[in-house]
Structure formats: structure tokens, C-alpha cells
Amino acid sequence: MSAKSDPPPLPDPLRVPVADSHTHLDMQEGTVEEALARAAAVGVTTVVQVGCDIKGSRWAAQTAADHDAVHAAVALHPNEAPRIVLGDPDGWSRQGAREGGGDSALDDALAEIDALAALPQVRAVGETGLDYYRTGPDGIAAQERSFRAHIEIAKRHDKALVIHDREAHADVLRVLAEEGAPARTVFHCYSGDAEMAEICAAAGYYMSFAGNVTFKNAQPLRDALAVAPRELVLVETDAPYLTPVPYRGRPNAPYLIPVTLRAMAAVKGLDEDTLAAAVSANTAEAFGY
């Protein structure tokens, strides 16, 4: 039995190359070049690097400028917005104590995201949305204001919108409906049930599935994947998080996409080449590359 901290082995390569639609290379061990080489070796030839704050969004934009295989998404994560406005005196965010800067600080941060979103290598605005898991009720207003601003930025720059939705399904769908969703909207690490998948499908929203679709207790996710139209399905790692079974608990990375994609193909009753071809086309369409 290998140690929990050891990276899992390389899976058998995919015959049809695909993209990892959501990863955090800046949170993974090793260099970007190493990560991209390992991914390419198993048929994962493109990654979308996602920023969660100003620093991470700048890094995503720079990394995408430096590497043809990388596209960037820039945003303030839903939990970042209340940290900026209210601060984090008691460490609820697990990001260290921080002073609040009020609404003007959020405006300044959003202006920087807006500027980054104009760059050609930045293909998406995200991950944005709502997260009721860690933020207390007092943080919801800041999250929603930030979410609405990100929707506006995505539409103005004609970029995809990448949604982070944690325990906030109804409100995320409500805000998208109220603001008018961008033409290309992606639910990252889709976490709803089959009923919500039908709502997303009717609206034309992409649903990106991560390694948690392989978890034993994730039958509602598999039910959602089963009803999600093939032309709206993406695959992602959210690495270093959500490593698929049988490597759950060990570090995730883009090269593990084949493990998740094969599990998804089984759920959808498709052979892996058919699903890989669909996912590859869908990701290119969603992110406009």
C-alpha cells in the first residue's frame, strides 16, 4: 500500500485527447512543465487554470500566456468576496487572519479581475458563484454582489462563466436567471442532482464532472451525469482536490483525468473514445479556444 502523500501512477492513455476543464496548477507539487508533460503523456493535452483571488488570477493569466496548452480563468472565489469586505478575524476561511476593506475594497478587486478578463489568453471568468458551506449568513450579501459583477464582466468581454456552487443551488440558478447568464456558462465540479441537471440542460449550461463522481456515496451525481446531455458534459480534476477512486485522499493532478472520464463513460453507457471526443469538443466550445 503506497503512502497517502504519494502521487498515483499514470493511468493508461486516452486514445482521444481531452482537456481538464478546471485545475489549480499553482496548488500542485512540481513545475507547470512537469504537470503538463505528465498530462500530455496520457492524452490530456489542454488545461484550464483557474484563479480564486487576485494573486492566483494574475498567475493564471501569466501561465496561460507562457504555455499554449494552458487557458486561464480569473475571478474572486465566492469565499474571497466576504474576506475582502468583512475580513477574517477568526480564521473561518482557513486562509489566515485578515482585515476587512469594505465595499470599496471589493470594487477595487473586481476592477482588477475586469482588466485581466480582457486578456486574450483568459478564456473565462470564474470560479465565481455562491458557497454557503463556510461563509456565514453575514457573508452572503458580499458573495452575491461579487457573483453579479462577475456575470456582467463575463458578458461584456464575451468570456465563459465558471460557476462554483456549494450548498447554494437555488440561489445560484436564481441569480443567473435574474442577471441573464452568459452565452457559455459552466457549472464546475457539478454538485446538483438529476432534477437540477435537467434545469441546467434546458438553460444550455455546461456541467463539468470531477473525481467525486467516482465516490461511493455519490449516486445522486451519477444520476445527474446520466441525464446530462452528452453535448453539455465536461470533465475536470479540480486538482489537487477530489482525486478519483481508487486514489481518493492522494494528490490529484490533470494526468488523472482518464480515471474519471472512464468512470463517466460507464455511467453514460458510452465507450471512452465517444465520450472523450464529445468532452473535447464541448470544452473547446465552452471556453472558446
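Whatever comes next refers back to the structure up there.
Read on for a plain summary of the structure. (Residues numbered from 1 in each chain as written. Predicted model: local features only at pLDDT ≥ 70, side-chain atom pairs only at ≥ 80, totals over all residues. Heavy atoms only, no water.)

### A few points about the overall build of the protein chain
To keep it simple, the criterion reads: Here a strand is any run of E in DSSP of at least two residues, a helix any run of H or I of at least four, and the numbering for each starts at the N terminus. C-alpha atoms define the radius of gyration in this analysis, and the globule rule sets the expected value at 2.2 Å times the number of residues to the power 0.38. Residue burial is assigned from relative accessible area. The probe radius is 1.4 Å, only protein chains are included, and a residue is buried under 20% of its type maximum, exposed over 50%, and partly exposed in between. Reported accessibility uses the Shrake-Rupley method at a 1.4 Å probe radius. Residues are deemed covered only where the shown protein chains occlude them. The charge count includes Lys and Arg as positive and Asp and Glu as negative, but it does not include His or the ends of the chains. Just so you know, the charge point we use is NZ for Lys, CZ for Arg, CG for Asp and CD for Glu.
Looking only at helices and strands, the protein chain features ten helices and ten strands. Here the C-alpha radius of gyration of the protein chain, 18 Å, is about what a compact globule of 289 residues would show, namely 19 Å. Oriented by its inertia axes, the alpha-carbon framework of the protein chain measures out at about 50 × 40 × 35 Å. The 289 residues of the protein chain split such that 54% are buried. Accessible surface, the protein chain: about 11,900 Å² in total, of which carbon and sulfur atoms supply 52%. Charged side chains in the protein chain number 25 positive and 41 negative. The centres of these two groups are separated by 3 Å.

### Describing the layout of surface pockets
Basically, it comes down to this: Every definition here rests on a 1 Å grid over the protein atoms only: cavities are sets of points where a 1.4 Å probe fits but cannot get out, pockets are open sets enclosed by protein on both sides within 12 Å along at least five of seven lines, and lining residues have some atom within 4 Å of a point. Grid points are joined across faces, edges and corners, and a volume is the space filled by probe spheres set on the points. When residues are sorted by character, Ala, Val, Leu, Ile, Met, Phe, Trp, Tyr, Cys and Pro go into the nonpolar class, Asp, Glu, Lys and Arg into the charged class, and all the rest, Gly among them, into the polar class.
Reported here for the largest pocket is a volume of approximately 1,200 Å³. Considering the residues around the largest pocket, the lining is formed by 40 residues, among which H77, H164, R166, D238 and Y241 are closest to the centre. For the lining of the largest pocket, the elements supplying multiple residues, two or more each, are α2 (54-66), β6 (122-131), β7 (160-166) and α8 (219-227). Here the lining of the largest pocket is built from residues that sort into 13 nonpolar, 14 polar and 13 charged. P7, E29, P251, N252 and A253 are the residues nearest the centre of the second largest pocket, which is lined by 17 residues in total. Along the lines of polarity and charge, the residues of the lining of the second largest pocket split into seven nonpolar, six polar and four charged.

### What to know about unusual backbone geometry
With an omega of 15 degrees, the peptide bond running from G126 to E127 counts as cis. With respect to the secondary-structure elements, E127 resides in strand β6. The peptide bond linking V245 to P246 adopts the cis configuration, its omega dihedral lying at 15 degrees. Locating P246 in the fold gives a position in the loop between β10 (233-235) and α9 (257-268). Its identity is not glycine, yet D158 carries a phi of approximately 55 degrees, on the positive side. Here D158 is to be found in the loop between α5 (140-157) and β7.

### Some points on the packing of α2 against helix α4 (residues 102-117)
Two numbers describe a pair of packed helices, the interaxial angle and the distance between the axes. Where we set the bar: A fitted line through C-alpha atoms serves as each axis, taken over the contacting stretch for helices, and the angle formed by two N-to-C directions is quoted from 0 to 180°. Oblique is the label for any angle not under 35 degrees, not over 145, and not in the 65 to 115 range, which are roughly parallel, roughly antiparallel and roughly perpendicular in turn. It only takes one pair of heavy atoms within 4.5 Å for two residues to be counted as in contact.
At a minimum axis distance of 10 Å, the contact between α2 and α4 shows a crossing angle of 10 degrees. Comparing their axes, α4 and α2 come out roughly parallel. On the side of α2, the interface is formed by I54, S57, R58 and A61, while α4 contributes A109, E112, I113 and L116. A per-class count over the contact of α2 with α4 returns five nonpolar, one polar and two charged.

### Observations regarding the side chain of N252
Within the fold, N252 resides in the loop between β10 and α9. Every residue in contact with N252, bar those within four places of it in the chain, is listed here: Q28, T237, A239, P240, Y241, L242, T243 and P244.

### Side note on a negative patch on the surface
Defined as follows: Without a salt bridge and with relative accessible area above 30%, a residue can belong to a patch; like charges are then joined within 9 Å and nonpolar side chains (Val, Leu, Ile, Met, Phe, Trp, Tyr) within 5 Å. For this document, the term salt bridge refers to a Lys or Arg side-chain nitrogen within 4 Å of an Asp or Glu carboxyl oxygen.
On the surface, D193, E195, E198 and D223 cluster together into a patch of negative charge. The topology assignment puts D193 in the loop between β8 (185-187) and α7 (194-203). Of the residues examined, D193 reaches a relative accessible area of 36% and is grouped as partly exposed.

### Focus: the nonpolar core
This is how it is decided: Residue types Ala, Val, Leu, Ile, Met, Phe, Trp, Tyr and Cys, when buried and joined through side-chain atoms within 4.5 Å, form a set referred to as a nonpolar core.
The biggest cluster of nonpolar side chains holds 72 residues, and the ones touching the most others in it are F147, L176, F187, Y190 and F209. No other element matches α4, which puts six residues into this core. In this structure F209 touches Y190, L221, A224, L225, A228, V233, L234, V235, E236, T260 and M264, once residues within four positions along its chain are discounted. If you look at the next biggest cluster of nonpolar residues, it comprises twelve residues, including V50, A73, A124 and A160.

### Digging into the packing of aromatic side chains
So the rule is basically this: Pairs were defined over the aromatic rings of Phe, Tyr and Trp, the Trp ring being its six-membered one, requiring ring centres within 6.5 Å. Orientation was assigned from the angle between planes: stacked under 30 degrees, edge-to-face over 60, tilted for the rest.
Throughout the structure, instances matching the rule amount to two aromatic pairs. Between F187 and Y205, the aromatic rings sit 5.7 Å apart at their centres with planes inclined by 35 degrees, giving tilted as the arrangement. Of the two residues, F187 sits in strand β8 while Y205 sits in the loop between α7 and β9 (206-209), which places them 18 residues apart along the sequence. For F187, a relative accessible area of 1% corresponds to the buried category. Consider the rings of Y190 and F209, whose centres lie 5.4 Å apart with planes at 45 degrees: the pair is tilted. Here Y190, found in the loop between β8 and α7, pairs with F209, found in strand β9; they are 19 residues apart in sequence, far enough to count as distant. Like Y190, the residue F209 is buried in the burial classification.

### Brief notes about the pattern of salt bridges
A side chain of one charge can pair with a side chain of the opposite charge if their charged atoms are brought near each other. Under the defined criterion, the tally for this structure stands at 15 salt bridges. Residue D107 pairs with R145 through a salt bridge whose shortest N-O separation is 3.0 Å. In this pair, D107 is assigned in helix α4 and R145 in helix α5, connecting sequence segments 38 residues apart. As a salt-bridge pair, E272 and R262 come within 2.7 Å of each other at their nearest N and O atoms. One end of the pair, E272, is in helix α10 (residues 272-287); the other, R262, is in helix α9, with ten residues separating them in the sequence. Taking the relative accessible area as the measure of exposure, R262 reaches 25% and is therefore partly exposed. Through salt bridges with shared partners, a single network forms among E144, R148, D171, R174, E178 and E179.

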